[in-house]
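Residue-level structural notes
Each chain, written out:
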Amino acid sequence: MSTYRILLALFGAPTFWVGQMSLSEPLAAYTCYPHQVPLSAPLLADLSVILAMISLICLAGGLISGYVAWNLWRRASHRPSVSGAGEHAFEADGGQTRFLARLGTMSSFVFIVAILFTACAVLLVPPCSAWI
């Protein structure tokens, strides 16, 4: 199994969620609150479109990461076992690949949900609106 695929499976979706938060929040904050006084409308007219595109790109990256993790887990689960003389069958790598792939699958699922929730907030809350 490729080390790069395992790294993508483990850290891809969390990285895309952090990227979504790191791009969307400062952009929205600057366009709605550039100085000491909040604005009633954002500085960028297409702020909602930009935030939606950031969310879609991050969702696509998270889904790709989840697919890679799921595919690695399937392939690691169907790997042939190596048996020793009179010993129980064991996997060639001790099961680390399957464990990391399963961990990547679970992590990807959690962070894909986080990306979706963040995207819902971006799409449902109007820019520069008061929270009260």
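Residues numbered from 1 in each chain as written. Predicted model: local features only at pLDDT ≥ 70, side-chain atom pairs only at ≥ 80, totals over all residues. Heavy atoms only, no water.

1. Considerations on the packing of aromatic side chains
Stated formally: Aromatic contacts are taken between Phe, Tyr and Trp rings whose centres are within 6.5 Å, Trp giving its six-membered ring; a plane angle under 30 degrees counts as stacked, one over 60 as edge-to-face, and the others as tilted. For the purposes of this entry, the term helix denotes a DSSP run of H or I that reaches at least four residues, the term strand denotes a run of E that reaches at least two, and both are numbered from the N terminus. Relative accessibility decides the category of a residue: with a 1.4 Å probe and only protein chains considered, values under 20% of the type maximum give buried, values over 50% give exposed, and everything between is partly exposed.
All told, the structure shown has two aromatic pairs when counted by the stated rule. Consider the rings of tryptophan 17 and phenylalanine 111, whose centres lie 5.7 Å apart with planes at 50°: the pair is tilted. Residue tryptophan 17 is located in helix α1 (residues 3-32), and its partner phenylalanine 111 is located in helix α3 (residues 96-124); the two are separated by 94 residues in the primary sequence. Judged by its relative accessible area of 26%, tryptophan 17 falls in the partly exposed class. With relative accessibility at 24%, the residue phenylalanine 111 sits in the partly exposed group.

2. Concerning α1
Inclusion rule: In this scheme, a helix's expected span is set at 1.5 Å multiplied by one less than its residue total. Here a polar contact means two N or O atoms within 3.5 Å. Within protein one must be a hydrogen donor candidate and the other an acceptor candidate, and residues neighboring in sequence count only if both atoms are side-chain atoms.
Compared with an ideal rise of 1.5 Å per residue, which puts 30 residues at 44 Å, α1 spans 42 Å between its outermost C-alpha atoms and is within 8% of the ideal. Inspection of α1 places Ile6, Ala9, Leu10, Gly12, Ala13, Pro14, Gln20, Ser24, Thr31 and Cys32 among the buried residues, and these make up the whole buried set. One side-chain oxygen of the residue at the start of α1 lies 3.3 Å from the amide nitrogen of tyrosine 4, identifying that residue as serine 2.

3. Here's the deal with the packing of α1 against helix α2 (residues 47-77)
Put simply, the rule is: In this description, a line fitted to the C-alpha atoms serves as the axis of each element, helices being fitted only across the stretch in contact, and the angle between N-to-C directions of two axes falls anywhere from 0 to 180 degrees. Angle categories are assigned with fixed cut-offs, so that under 35 degrees is roughly parallel, over 145 is roughly antiparallel, 65 to 115 is roughly perpendicular, and the rest are oblique. All amino acids are sorted into three groups, where Ala, Val, Leu, Ile, Met, Phe, Trp, Tyr, Cys and Pro are nonpolar, Asp, Glu, Lys and Arg are charged, and the leftover types, Gly among them, are polar.
α2 packs onto α1 with a crossing angle of 170° between their chain directions and a minimal axis gap of 8 Å. As judged from the angle between their axes, α1 and α2 are roughly antiparallel. A class-by-class count of the residues in the contact of α1 with α2 yields 17 nonpolar, nine polar and two charged.

4. Observations regarding α3
Quick reminder of the rule: What makes two residues a contact is simply this: any of their non-hydrogen atoms within 4.5 Å.
For α3, with 29 residues, the first-to-last C-alpha span of 42 Å sits near the 42 Å given by 1.5 Å per residue. All buried positions along α3 are accounted for by Thr97, Ala101, Gly104, Ser107, Ser108, Ile112, Ile115, Thr118, Ala119 and Val122. Along its buried surface, α3 packs onto α1 and α2.

So far we have only geometry, and geometry alone does not tell us how the molecule works.
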